[in-house]
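One-letter residues, chain by chain:
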Amino acid sequence: MLYLGTERGVMVSRDDGASWESLRLNMPTVSVVDLAVAGDDLVVGTLGRSAWILDDLTPVREMSKEIEATSEHFFKPLPTVRWRYARAPYGSTDGAGKNPPTGALITYRLAEKPEGEITLEVLDADGALIRRLSSKLGEQYGSPEHPDWSPDRKPKPELEAEAGLNRASWDLTYGEPKWMPDARFDTGTPRPGPLVVPGDYTLRLTVDGRSITQPLTVDLDPRSSASESDLEEQLAFSLGVRAQLARIVDMVETIRGVREQVKDRNARLAENPDALELADLGKNLVAALNAVEEEIHNPHAEVDYDVLGGRHGGAKMYSRLSWLFNTSGDHDGPPTQGMLEVAADIEGQLSQQESVLDGLLANDLARLNELASELDIPYVVTPRLAGK
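Because the structure is a prediction, the values reported are computed rather than measured. (Residues numbered from 1 in each chain as written. Predicted model: local features only at pLDDT ≥ 70, side-chain atom pairs only at ≥ 80, totals over all residues. Heavy atoms only, no water.)

Trainee: Is there a simple way to think about the packing of helix α3 (residues 228–268) against helix α6 (residues 317–328) in this case?
Mentor: Each pair of packed helices gets described by two things: the angle between the helix axes and the distance between those axes. The geometry of α3 relative to α6 is characterised by a closest axis approach of 10 Å and an angle of 160° between their N-to-C directions. Taken as axis vectors, α3 and α6 run roughly antiparallel relative to one another. Two packed elements cross with a definite hand, and for α3 against α6 that hand is left-handed. Where α3 abuts α6, its residues Q234, F237, S238, V241, R242, Q244, L245, I248 and V249 lie against M317, Y318, L321, S322, L324, F325 and S328. Of the residues assigned to the contact of α3 with α6, the class counts are 10 nonpolar, five polar and one charged. (Axes fitted to C-alpha atoms, helices over the stretch in contact; angles between N-to-C directions. Helix = DSSP H or I, 4+ residues; strand = E, 2+ residues; numbered from the N terminus. Parallel < 35°, antiparallel > 145°, perpendicular 65-115°, else oblique. Left-handed = near helix turned anticlockwise from the far one by under 90°. Contact = heavy atoms within 4.5 Å. Nonpolar A, V, L, I, M, F, W, Y, C, P; charged D, E, K, R; others polar.)

Trainee: Which parts of the structure should I look at to understand the sheet that holds strand β1 (residues 2–6)?
Mentor: Backbone-to-backbone hydrogen bonds pair the strands of a sheet. The strands run either parallel or antiparallel. Spatially, three strands are ordered β1-β2-β3 in an open sheet, and the strand pairing comes out antiparallel. Unpaired on one side and paired on the other, β1 and β3 (21–22) mark the two borders of the sheet. Pairing analysis gives five bridges linking β1 to strand β2 (residues 9–13), with the strands arranged antiparallel. Looking at β2, one finds that Y3 is bridged to V12. (Pairing = 2+ DSSP bridges.)

Trainee: Whenever I open this one, empty space enclosed by the protein confuses me. Can you help?
Mentor: In this approach, a probe sized like a water molecule rolls over the atoms, and the result shows the empty space that is left. Tallied over the full model, the rule gives two cavities of 30 Å³ or more. Of the pockets and cavities examined, the second largest cavity occupies roughly 40 Å³. Taken together, R184, F185, H297, N298, V307, G314, K316 and S319 make up the full set of residues lining the second largest cavity. Residues of the lining of the second largest cavity, tallied by class, amount to two nonpolar, four polar and two charged. (1 Å grid on protein atoms, 1.4 Å probe; cavity = no way out; pocket = protein on both sides within 12 Å on 5 of 7 lines; lining within 4 Å. Points joined across faces, edges and corners; volume = space filled by probe spheres on them.)

Trainee: What should I look at first to understand the sheet that holds strand β12 (residues 164–170) in this one?
Mentor: Read across the open sheet, the three strands follow the order β7-β9-β12; overall the sheet is antiparallel. The sheet is open, and its two edges are formed by β7 (72–74) and β12, each paired on a single side. Here the strands of the sheet are splayed against their neighbours by 20° on average, with no regard to which way each runs. The pairing of strand β9 (residues 104–110) with β12 spans seven bridges and is antiparallel. In the strand pairing of β12, L105 is matched with S169.

Trainee: What exactly am I supposed to notice about the packing of aromatic side chains here?
Mentor: Considering all chains together, one arrives at four aromatic pairs under this definition. Consider the rings of W170 and Y201, whose centres lie 6.1 Å apart with planes at 65°: the pair is edge-to-face. Remark: Y201 occurs in strand β13 (residues 199–207) and W170 occurs in strand β12; sequence separation between them is 31 residues. By the burial criterion, W170 is buried, and Y201 matches it. (Phe/Tyr/Trp six-rings, centres within 6.5 Å; stacked < 30°, edge-to-face > 60°. Buried < 20%, exposed > 50% of the residue type's maximum accessible area, 1.4 Å probe, protein only.)

Next up, the structure:
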């Protein structure tokens, strides 16, 4: 493989110089005065238009007529290092440079734009799914009309789905925690996490129902002094906290579902003199459900700072666990004694509220439906009990 800098950009030859083709990509038309292949990257020096870097030359090196004839091709990703990156300061990013993609660089070629969604699934050594990336934009935390929305925030799908070469990156993390739509958290947008441990993984690209897999090796950050057992313990703790967050979200979804049904039925029965007792039971149940929800998260917060500033009850279990989840991944090593104690304390409170909710569903809601049945009034759909 030969590379040549010209007055109009970079040229590449696959046949020892017998023929050449442009490797311009997104570069402007500019004179190239210097080239260097640094490992698997191409560094280009231009005349007056700065330096450019093409990360991972694998597609350039592997591209062939056979690959061009396929409907899709998934290039083998290079081994990636489990680097730890410093977080950017708060504020505008106007004028800031662009860093290389975080994590594993993924390159695939599509002969034509697919009709539907394409996905990239990450599987661990046991074949368990740990992350799913999609060409469809996922649900967003808030909207551009909300006061907390940053003007620098421009969400886009994790995968591109255009004809030709497409690139994406997997940041080496598990899927993000579950969160409640139309709720606010002092930690802001839920973050992905935690980082995977070093080892072997499988990437599965699916396009129009057809799947291609490629292996990926994740290596330890050479600067880290953490042992394998340290990282395994850290991962287990973070996944445990993520599971606690998911339990809270499941409870809120249950509470919202039952509450809306009860409130709707009470509104429909407002003029029915035979349903006064039923309406009173419904009001009491709604109040009890509200009390549980207010213990596990702050449903009245309108902006993130309402929680941080202590308004409407301040930080509840979800916010406390969110901070614990985020900070548990700030270092390479097992959780601290303080983290373990906080998680255990919240677990006790969470289990107690799950028991309260289960009691409301098993007793109060059951009594409500029993009386409704006696009055020949449609019942409330009963969800599964919490933790079941």
